[in-house]
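Working through the structure, step by step
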Amino acid sequence: MSVQKRIKSALISVFHKDGLAPIVKKLNELEVTIYSTGGTQKFINDLGIQVEAVEDLTDYPSILGGRVKTLHPKVFGGILNRQDNENDQKEMEEFGIPQLDLVIVDLYPFEKTVASGAGEQDIIEKIDIGGISLIRAAAKNYKDTLCVSSMEDYNEVLQIISEGNGQTTLEQRRMFAARSFQVSSHYDTAIFNYFNSDHSISALKISEPNGRILRYGENPHQKGFFFGDFDAMFDKLHGKELSYNNLLDVDAAVNLMNEFRGEKPTFAILKHNNACGIAQRDTIYKAYIDALAGDPVSAFGGILISNTEIDRKTSEMINKLFCEVVIAPSFTAEALEILKGKKNIRLLVQKLYDLPKTITRSCLNGALVQDRDSITDKKNELTQATNNKPTNEELEDLIFASKVCKHTKSNTIVLAKGKQLCASGTGQTSRVDALRQAIDKARSFNFDLKGAVMASDAFFPFPDCVEIADNAGVKAVIQPGGSIKDELSVNYCNDHGMAMVFTGIRHFKH
């Protein structure tokens, strides 16, 4: 159906007035009667355009410090009446209620007020009552009324009323109704989550208004979508659109490199959410070279991330590798010119951004929600479990390995030496298998494990892992501890000159 309605009257009451003037001028040109309140009324008057005050329509002033302006039957009757309903139209005539064909209303900036750190009273005053009611009413009656609830829609509305000479179709009104209910739903979700910040009510409310359709999901036969403000975290400088799998890997890369924020130049290469190479050096060039050495085979098609600016020399080496994405806080102009030589490579500048405090994932017919694992193991918080004390160099490597281990799929064992990942065993059903996988991989790339350290994401219930590590050359171990059989591993270390420290924190990652 394409039922057209001509706009003869409009109610305009907005907080954000940017971009509103061209619409108001067009409505005036179309001889539309405009009703308004407060600051919006003044804004329209200042344009030299006649506007009817809502107060004159209702015979009631704005009261309670502006809390009550438009909550009146003469306003809501004009919006909610059904133009094809005879009884509705009789009541409209009886009570002198004007028809309102267009409602342009937005909402007080509740989320921005919360984010600003404002006090509770200021936040409460930014809970919109009249605006949200007007939006819901106009959207409900989309068959007769066009509801515009966001300044982001102003250009499109202007185009519609200009091309349609003041007329709108049913399809257009229904589309804007859907957008309006999205606005109201998101607004209510934000308010609920503010009041439920202590999680006293066991309910999950998530609303993300920014979304994009992906080419496909994890596999080509699956549909895929991303909901989030990607541009708040990154500036995309070059390359194709990111895929579903790219985004998962970028997420893993960002979380890993967040552990090394503000530290010496660190470079990581990830594949399927796990680091296949990472190193920390005096220059980013050396860090990249040694990260690549960790597994130059898996690095093919990987995600690369740096904690500092990428320069020309480093970009020349990166350019020799096929990779999907390169992420850094910045790139030199020369580096960008070199990397842009490959048309498909995605180049992302990562902005300073605090990651969400909670993580949500689908599970069965619902969702699991947990706090983000925000604990990073630190040297001064370790407990020495063995008679042998790790050297300062070993302690540095233990913390380095622990950070990598935290962001590797469980069960995992990470082997490191000289702040370089030698190898890791990832996603194994047995911790012994994870260790053996790591040792075999390290040897396949000619790493000398003598003097290396080992990190485990969970405790050792038996001494088998430390024995295998010892035979491979590992001299220091970091693990959570907490097993009723901790002493078996500790005793083995004591008897064989190994050092072990406990973190007291498990870092499972499933």
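The structure this text deals with has already been given above.
Residues numbered from 1 in each chain as written. Predicted model: local features only at pLDDT ≥ 70, side-chain atom pairs only at ≥ 80, totals over all residues. Heavy atoms only, no water.

Overview of a nonpolar patch on the surface
Together, Leu204, Ile206 and Val369 make up a nonpolar patch on the protein surface, roughly 280 Å² of accessible area in all. Within the secondary structure layout, Val369 lies in strand 17 (residues 366–371). (Patch = residues over 30% accessible without salt bridge, like charges linked within 9 Å, V, L, I, M, F, W, Y side chains within 5 Å. Areas by Shrake-Rupley, 256 points an atom, 1.4 Å probe, with all protein chains shown as cover. Salt bridge = Lys/Arg side-chain N within 4 Å of Asp/Glu carboxyl O. Helix = DSSP H or I, 4+ residues; strand = E, 2+ residues; numbered from the N terminus.)

Regarding a negative patch on the surface
Taken together, the side chains of Glu52, Glu55, Asp56 and Asp59 make up a negatively charged region of the molecular surface. Tracing the sequence through the fold places Glu55 in helix 3 (residues 54–58). For Glu55, a relative accessible area of 41% translates into the label partly exposed. (Lys, Arg positive; Asp, Glu negative; His and termini not counted. Charge placed at Lys NZ, Arg CZ, Asp CG, Glu CD. Buried < 20%, exposed > 50% of the residue type's maximum accessible area, 1.4 Å probe, protein only.)

Some details on the sheet that holds strand 18 (residues 383–384)
By way of backbone hydrogen bonds, the strands of a sheet pair with one another, either parallel or antiparallel. As summarised here, the arrangement of the six strands in space is 18-23-22-21-19-20, forming an open sheet in which the pairing is mixed. One side of each edge strand has no neighbouring strand; the edge strands of this open sheet are strand 18 and strand 20 (421–425). Note that strand 19 (residues 413–416) and strand 20 share four bridges and pair antiparallel. When the bridges of strand 20 are listed, Ala416 appears paired with Leu421. Against the sheet, helix 17 (residues 431–444) makes contact with strand 19, strand 20 and strand 21 (453–456), and its axis sits at roughly 145° relative to strand 20, the strand it touches most. Together, strand 22 (476–479) and strand 23 (499–502) form the strand contacts of helix 19 (residues 486–495), whose direction differs from that of strand 23 by roughly 150°. (Pairing = 2+ DSSP bridges. Contact = heavy atoms within 4.5 Å. Axes fitted to C-alpha atoms, helices over the stretch in contact; angles between N-to-C directions.)

Description of unusual backbone geometry
Looking along the chain, the bond that leaves Ser410 and enters Asn411 is cis, with omega of -15°. Relative to the helices and strands, Asn411 resides in the loop between helix 16 (392–406) and strand 19. Although it is not a glycine, Asn446 sits at a positive phi angle of roughly 65°. Within the secondary structure, Asn446 sits in the loop between helix 17 and strand 21.

Considerations on the state of the cysteines
Applying the stated rule across the entire model yields zero disulfides. With no disulfide of its own, Cys493 lies closest to Cys465 among cysteine sulfurs, the gap being 11 Å. By relative accessible area, Cys493 is classed as buried at 0%. (Disulfide = S-S within 2.5 Å.)

Here's the deal with the pairing of strand 20
Put simply, side chains in a regular strand alternate between the two faces of the sheet. Strand 20 sits mainly inside the fold: five of its five residues count as buried. The hairpin formed by strand 19 and strand 20 contains four residues between the paired strands, and Gly418 there has a positive phi angle of roughly 60°.

Quick word on the pattern of salt bridges
Using the criterion set out here, one finds 20 salt bridges in the structure. A salt bridge links Lys264 to Asp282, with the shortest nitrogen-to-oxygen separation between them at 2.9 Å. Of this pair, Lys264 sits in the loop between helix 12 (244–257) and strand 11 (266–271) while Asp282 is found in the loop between strand 12 (274–280) and helix 13 (284–293), placing the two residues 18 residues apart along the sequence. In this structure Asp282 comes out as exposed when scored by relative accessible area, which is 57%. Across the salt bridge formed by Glu316 and Arg312, the nearest N and O atoms sit 2.9 Å from each other. Remark: Arg312 and Glu316 occur in helix 14 (residues 312–318); sequence separation between them is four residues, near one turn of the helix. Taken together, the shared-partner salt bridges connect Asp153, Glu156 and Arg179 into one network.

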